[in-house]
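As a plain string of letters, each chain reads:
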Amino acid sequence: VDDPQFVTLDTKVRCRRHAKVSAHVVERGELVLAPVVLERGAELGIRSGVGAGGVVAADHAVDALAHVEGGAESPDGDVVVLDQPRPPPPQFLRVCQYFIGVPLLLLGECFATYIALRAVELFPSDHLLIAVWLFRLVQCEAFYLLTVALKRLIIGKFAAGKRPGTLRDVLRRWLLDRFTRHSLFLGATEPYVNTELLSWKYRLLGARIGSRVNVDFFDSVEFDLLDIGDEVVFGSCVVLAPSDDAEDLPIRIDDGANVLDHSVLLGGVTVERRAVTGTCTLGPKRHVFPATSISTGRVRGAPVLLKFQGDVEDGTSKLPEADRERVLEALAAHRDPAVFYAFNAFCAASALLLEPATTALELLPVYFARESYAATFMAWVLAQIVPLGVLCLAKRSVIGAYATGDAPYYGDLHHKWVFMMALGSIADDVLDAVQGTCFAAYALRALGATVGEDCCLFYGALLEFDLLRIDSYASTGSACDLTCHTVENMVVKFAPVTISSGASMRSGALCMPGGGLGTMATLSAGSQVLKGEVVPAAEFWSGLPASFACTVDDARSAFEGLRPPATEGEFTPEGIASALGLSLPGAWKLFAAKARGDGDALKLFASLSRARKVASTGGLSKRRTLPPFHLRPPHLRPPRIAAALECTELKARAIVQGWRRGDADAVAAVRKARVLLVAKHLEVDEDNAKAVLRAARAGDENSRAQLQSYRGGRGRGRGRGGRGRGRGKGRNVRALRRPRAGNGMLVGALVVSLAA
């Protein structure tokens, strides 16, 4: 749960594994925060999410891999009504969790730590690095063996059928889930990705796994219900969930199938021979993926069948000849015991030998602790920076630069790629620490990525940096997958990923290799752009796979209802761009210059603030310009007004000021004074004076001449030839009658544009 102060969870709400609740969106130079509400009895499915402003109604569920955000309508099938009430938890479940489960978990950790300490005593070493490395290795393995003993002796086997729902059944699942999510269990399994050793560790927990399985770490609890065939390829972050509230159903993955990154398979799913579940694929309950098919995503609760690829070994493959030869080459190497087990040894050795390097960097401040506090601090800073430098040097010496192309399994490039994947773990901490800062862009540039200016970067996975291009003012949300590879039939395919200027990937979004986002485009949270697709400029896409939902402006307008009103004096990049005729990136540069303290930018924003303040008080739109005293007509001179209206001169000045502000009474008083003064000057009554004023406005020359004499002989057509009056005075009268568009009016037009 991100931003918990903005999140409301009602009673009986349930969030299943890897579900995410986030109340913020970062894009286009601003952080948008909006409340998230999960009403009574709501449920979040596996790897689902609720974004800023999202609301899940009572007794509704967000389906697995679905995401709900505020300001946007959810696609059909993302939110479903819970047709059956969820069974209540067994009596005394919480008591057993608190007083049996938690102490048992802590005792297991203590037991593993004790075994590790005894191992250090039995194999003493004068080198602290070796002692710490041995301690960590033994501690993780001891905890794993304790988990296996717990599973076999106490928890027992899981069998297909209806769930009993008893206290023992619920408690044993919860307990095994806690043990398999513990950091020590992860430390005993995750380093051995792509090795037969990891397959054996899953077999000891009850899973049936065939031979030569390219296994990655996957998340599961009911391991006894997993049946995995030979030569299966797993991607990262896969969830296998055979159980729900009603029943336990086995999951079967046949020979040669591929279950790729971020896939979720539910109970009763069958992945037939050579079938491929692509990245972010949902396998709903009892679904069957046909043999040699390629599926991806989820639409209305079911995966999307893309095509049938055929079988490369029986001659039905539809791949081009060059691709088919690469697949056959990888399969031949995979079935060679010498090649297969040599690769296993290479992967295991990489993980085991890199662990001391990580430990040495963590212990670096300890070596300098005796010197001084400053030396210790500098050693700590060095320990944070060195891993990034090591990764940069290793990438340049081992890989050089990633390029578009294919790499069959067990080839030279594949070995280098696996080594860099393992080595990248040493820099995970520093890359995670700089997310969202300017240092993230510096780090990615150092590793080979092309990153523009003023980008806001969060990420979940990074590897092929040279193929990643992020242009200026783009943003990526947390847990976004920015890798540039896919694995198909034991062939790693590399292709570039491009995020154009001003584009935004929200939390958990994914752009497949060869895809990209156009200028100012937005990819919704948890959505996926397929290979070779590009989100057009200024469009908002969402879904698995992603498709057009609306324009970016429409999506932003829908979000405006969730945003609090702007405070007085606040400017937005969009408003500045519209008012000054700039592009949005140009407006962002003005904001960046203001933040840096640039003098010209500060003056510009100060002028805009003054103009907005004048406009907000009504002065700019209604306040009238008063000419200098010697150029004013008689009805705008306080002494003449006082004489005409028979009032004090102080009150006459107040009338003039009110006329400037547009006060209705003051305007009426000035008009009355003008009529009286014109009548006195022409020696006529008030009605005839009003008639002269009306005729002058209608264009009557005689009436205009009479008013010219009333004004003192200054007017249009008389300035040059008028007696005793020069050319300049005539120009001043024209300025009085028809003011020029000076700076005040320009600022007024600017404020009107900003308001629009």
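Structure: above.
Since this is a predicted model, take the numbers as computed values, not measurements.

1. Thoughts on the packing of helix 7 (residues 337-367) against helix 9 (residues 412-423)
Thought 1: Close contact between helix 7 and helix 9 brings their axes to 10 Å; oriented N to C, the two are set at 25°. In terms of orientation, helix 7 and helix 9 fall into the roughly parallel class. The crossing of helix 7 and helix 9 is right-handed. Packed against helix 7, whose contacting residues are Phe-343, Phe-346, Cys-347, Ser-350 and Leu-354, the element helix 9 presents His-414, His-415, Val-418, Phe-419, Ala-422 and Leu-423 at the interface.
Thought 2: Taken together, the residues of the contact of helix 7 with helix 9 break down into eight nonpolar, three polar and no charged.

2. Brief notes about the sheet that holds strand 39 (residues 516-517)
Thought 1: Taken in spatial order, the five strands make up an open sheet running 30-32-36-39-42, and their pairing is parallel. In this open sheet, the two edge strands, each paired with only one partner strand, are strand 30 (450-451) and strand 42 (534-535).
Thought 2: Examined bridge by bridge, strand 36 (residues 497-499) and strand 39 share two bridges and lie parallel to one another. If you follow Ile-499 over to strand 39, its bridge partner there is Leu-517.

3. A look at the pattern of salt bridges
Thought 1: According to the stated counting rule, one finds 40 salt bridges in the structure shown.
Thought 2: Two residues, Arg-212 and Glu-231, come together in a salt bridge whose shortest N-O distance is 3.2 Å. Of this pair, Arg-212 sits in the loop between strand 14 (208-209) and strand 15 (218-219) while Glu-231 sits in the loop between strand 16 (226-228) and strand 17 (233-234), and the two are 19 residues apart along the sequence.
Thought 3: Notably, a salt bridge pairs Arg-335 with Glu-231, separated by 2.7 Å at the nearest N-O pair. Residue Arg-335 is found in the loop between helix 6 (321-334) and helix 7, and its partner Glu-231 is found in the loop between strand 16 and strand 17; the two are separated by 104 residues along the sequence.
Thought 4: The buried category is assigned to Glu-231, whose relative accessible area is 8%.
Thought 5: Here the salt bridges share partners, and the residues they tie into one network are Arg-212, Glu-231, Arg-273, Arg-274, Asp-311, Glu-313 and Arg-335.

4. Quick notes on a nonpolar patch on the surface
Thought 1: A cluster of nonpolar side chains, namely Phe-92, Val-95, Tyr-98, Phe-99 and Ile-100, defines an oily patch on the protein surface of about 590 Å² accessible area.
Thought 2: By the secondary structure assignment, Phe-99 is in helix 1 (residues 93-122).

5. Remarks on the sheet that holds strand 40 (residues 522-523)
What links the strands of a sheet is backbone hydrogen bonding, and the strands pair in either a parallel or an antiparallel sense.
Thought 1: Strand order in the open sheet formed by six strands is 31-33-37-40-43-44, and the pairing between neighbours is mixed. What marks the edges here is a single partner per strand, and that holds for strand 31 (456-457) and strand 44 (547-551).

6. Side note on the nonpolar core
Thought 1: Residues Leu-457 and Met-505 are the most contacted members of the largest nonpolar core, which totals 66 residues.
Thought 2: Not counting chain neighbours up to four residues away, the residues in contact with Leu-457 comprise Gln-435, Gly-436, Ala-440, Ala-441, Leu-444, Val-451, Ile-470 and Thr-476.
Thought 3: In this structure, Val-148, Phe-218, Phe-223 and Ala-257 belong to the second largest nonpolar core, which totals 45 residues.

7. What about unusual backbone geometry?
Thought 1: In this chain, Leu-544 is followed by Pro-545 through a cis amide linkage whose omega measures -5°.
Thought 2: Although it is not a glycine, Arg-286 sits at a positive phi angle of roughly 65°.
Thought 3: Examined against the element boundaries, Arg-286 turns out to sit in the loop between strand 25 (282-283) and strand 26 (288-289).
Thought 4: Phi is positive for Ala-538, which is not a glycine, with a value near 60°.
Thought 5: Assignment of secondary structure puts Ala-538 in the loop between strand 42 and strand 43 (539-542).

8. Quick word on helix 20 (residues 686-698)
Thought 1: The terminal C-alpha atoms of helix 20 lie 18 Å apart, and with 13 residues this matches the ideal 18 Å at 1.5 Å per residue to within 8%.
Thought 2: Restricting attention to buried positions, one finds in helix 20 the residues Ala-689, Val-692, Leu-693 and Ala-696. In an axial view of helix 20, the angular spread of the buried residues amounts to 95°, which keeps them on one side of the axis. Residues Asp-687 and Ala-698 are exposed on helix 20 and point more than 90 degrees away from its buried face.
Thought 3: Looking at the buried side of helix 20, the elements it contacts are helix 19 (664-682) and helix 21 (701-710).
Thought 4: Following helix 20 by one or two positions, Gly-699 adopts a phi angle in the positive range, close to 105°.

9. Details of a positive patch on the surface
Thought 1: Together, Arg-671, Lys-690, Arg-694 and Arg-697 line one region of the surface with positive charge.
Thought 2: The element that contributes the greatest number of residues to the positive patch is helix 20, accounting for three residues.
Thought 3: Examined against the element boundaries, Arg-694 turns out to sit in helix 20.

10. Notes on the side chain of Ser-472
Thought 1: Mapped onto the elements of the fold, Ser-472 is located in the loop between strand 32 (468-470) and strand 33 (475-476).
Thought 2: In this structure the side chain of Ser-472 is engaged in a polar contact, spanning 3.1 Å, whose partner is the backbone nitrogen of Glu-453.
Thought 3: Setting aside residues up to four positions removed in sequence, Ser-472 forms contacts with Gly-452, Glu-453, Cys-455, Ser-501 and Gly-502.

11. Things to note about the environment of Glu-453
Thought 1: Within the secondary structure layout, Glu-453 lies in the loop between strand 30 and strand 31.
Thought 2: Taking relative accessible area as the criterion, Glu-453 reaches 38% and is therefore assigned partly exposed.
Thought 3: C-alpha of Glu-453 to C-alpha of Asp-471: the two residues are 18 residues apart in sequence and 7.3 Å apart in space.
Thought 4: Those residues in contact with Glu-453 that sit more than four places away from it in its chain are Arg-445, Ser-472, Tyr-473 and Lys-589.

12. Describing helix 19
Thought 1: Over its 19 residues, helix 19 runs 27 Å from end to end, which matches the ideal 27 Å to within 8%, given 1.5 Å per residue.
Thought 2: Of the residues making up helix 19, those classed as buried are Ala-666, Val-667, Ala-669, Val-670, Ala-673, Val-675, Leu-676, Leu-677, Val-678 and Ala-679.
Thought 3: Lining the buried residues of helix 19 we find helix 17 (638-645), helix 18 (649-661), helix 20 and helix 21.
Thought 4: Sitting at the amino-terminal end of helix 19 is Asp-663, which places a side-chain oxygen 3.4 Å from the backbone nitrogen of Asp-665.

13. Overview of the packing of helix 18 against helix 19
Thought 1: Two elements in contact, helix 18 and helix 19, have axes separated by 7 Å at closest approach and are oriented at 115°. For the element pair helix 18 and helix 19, the recorded crossing hand is left-handed. Here Ile-655, Gly-658 and Trp-659 of helix 18 lie close against helix 19, whose contacting residues are Ala-666, Val-667, Ala-669 and Val-670.
Thought 2: Of the residues belonging to the contact of helix 18 with helix 19, the class tally is six nonpolar, one polar and no charged.

14. Concerning the packing of aromatic side chains
Thought 1: Here the structure, examined in full by the defined rule, presents 11 aromatic pairs.
Thought 2: Judged by centre distance (4.2 Å) and plane angle (20°), the ring pair of Tyr-202 and Phe-218 falls under stacked. With Tyr-202 in helix 5 (residues 196-204) and Phe-218 in strand 15, this pair connects stretches of sequence that are 16 residues apart. When sorted by exposure, Tyr-202 lands in the same class as Phe-218, which is buried.
Thought 3: A network of ring pairs unites the aromatic residues Tyr-202, Phe-218, Phe-223 and Phe-234 as a single cluster.

15. Examining the side chain of Asp-78
Thought 1: The topology assignment puts Asp-78 in the loop between strand 11 (67-68) and strand 12 (79-81).
Thought 2: Only 2.6 Å separates the side chain of Asp-78 from the side chain of Arg-298, close enough to count as a polar contact.
Thought 3: Once residues within four sequence positions are removed from consideration, Asp-78 is found in contact with Ala-61, Val-62, Asp-63, Ala-66, His-67 and Arg-298.

16. Thoughts on the pairing of strand 28 (residues 302-308)
Thought 1: With five bridges connecting them, strand 27 (residues 293-299) and strand 28 associate as antiparallel partners. Within strand 28, the position partnered with Ser-293 by the bridge is Phe-308.
Thought 2: Where strand 27 hands over to strand 28, the hairpin turn is made up of two residues, of which Arg-300 adopts a positive phi near 55°.

17. Focus on the environment of Arg-28
Thought 1: By the secondary structure assignment, Arg-28 is in the loop between strand 4 (24-27) and strand 5 (30-33).
Thought 2: Separated by 545 residues in the primary sequence, Arg-28 and Pro-573 place their C-alpha atoms 9.0 Å from one another.
Thought 3: Dropping the residues within four chain positions of it, Arg-28 is found in contact with Ser-475, Gly-502, Ser-504, Met-520, Ala-521, Thr-522, Val-552 and Trp-588.

About the cut-offs
- Residues numbered from 1 in each chain as written.
- Predicted model: local features only at pLDDT ≥ 70, side-chain atom pairs only at ≥ 80, totals over all residues.
- Heavy atoms only, no water.
- Axes fitted to C-alpha atoms, helices over the stretch in contact; angles between N-to-C directions.
- Helix = DSSP H or I, 4+ residues; strand = E, 2+ residues; numbered from the N terminus.
- Parallel < 35°, antiparallel > 145°, perpendicular 65-115°, else oblique.
- Left-handed = near helix turned anticlockwise from the far one by under 90°.
- Contact = heavy atoms within 4.5 Å.
- Nonpolar A, V, L, I, M, F, W, Y, C, P; charged D, E, K, R; others polar.
- Pairing = 2+ DSSP bridges.
- Salt bridge = Lys/Arg side-chain N within 4 Å of Asp/Glu carboxyl O.
- Buried < 20%, exposed > 50% of the residue type's maximum accessible area, 1.4 Å probe, protein only.
- Patch = residues over 30% accessible without salt bridge, like charges linked within 9 Å, V, L, I, M, F, W, Y side chains within 5 Å.
- Areas by Shrake-Rupley, 256 points an atom, 1.4 Å probe, with all protein chains shown as cover.
- Core = buried A, V, L, I, M, F, W, Y, C linked by side-chain atoms within 4.5 Å.
- Expected span 1.5 Å × (residues − 1).
- Arc of directions from axis to C-beta.
- Lys, Arg positive; Asp, Glu negative; His and termini not counted.
- Charge placed at Lys NZ, Arg CZ, Asp CG, Glu CD.
- Polar contact = N/O pair within 3.5 Å; in protein donor to acceptor, adjacent residues only side chain to side chain.
- Phe/Tyr/Trp six-rings, centres within 6.5 Å; stacked < 30°, edge-to-face > 60°.

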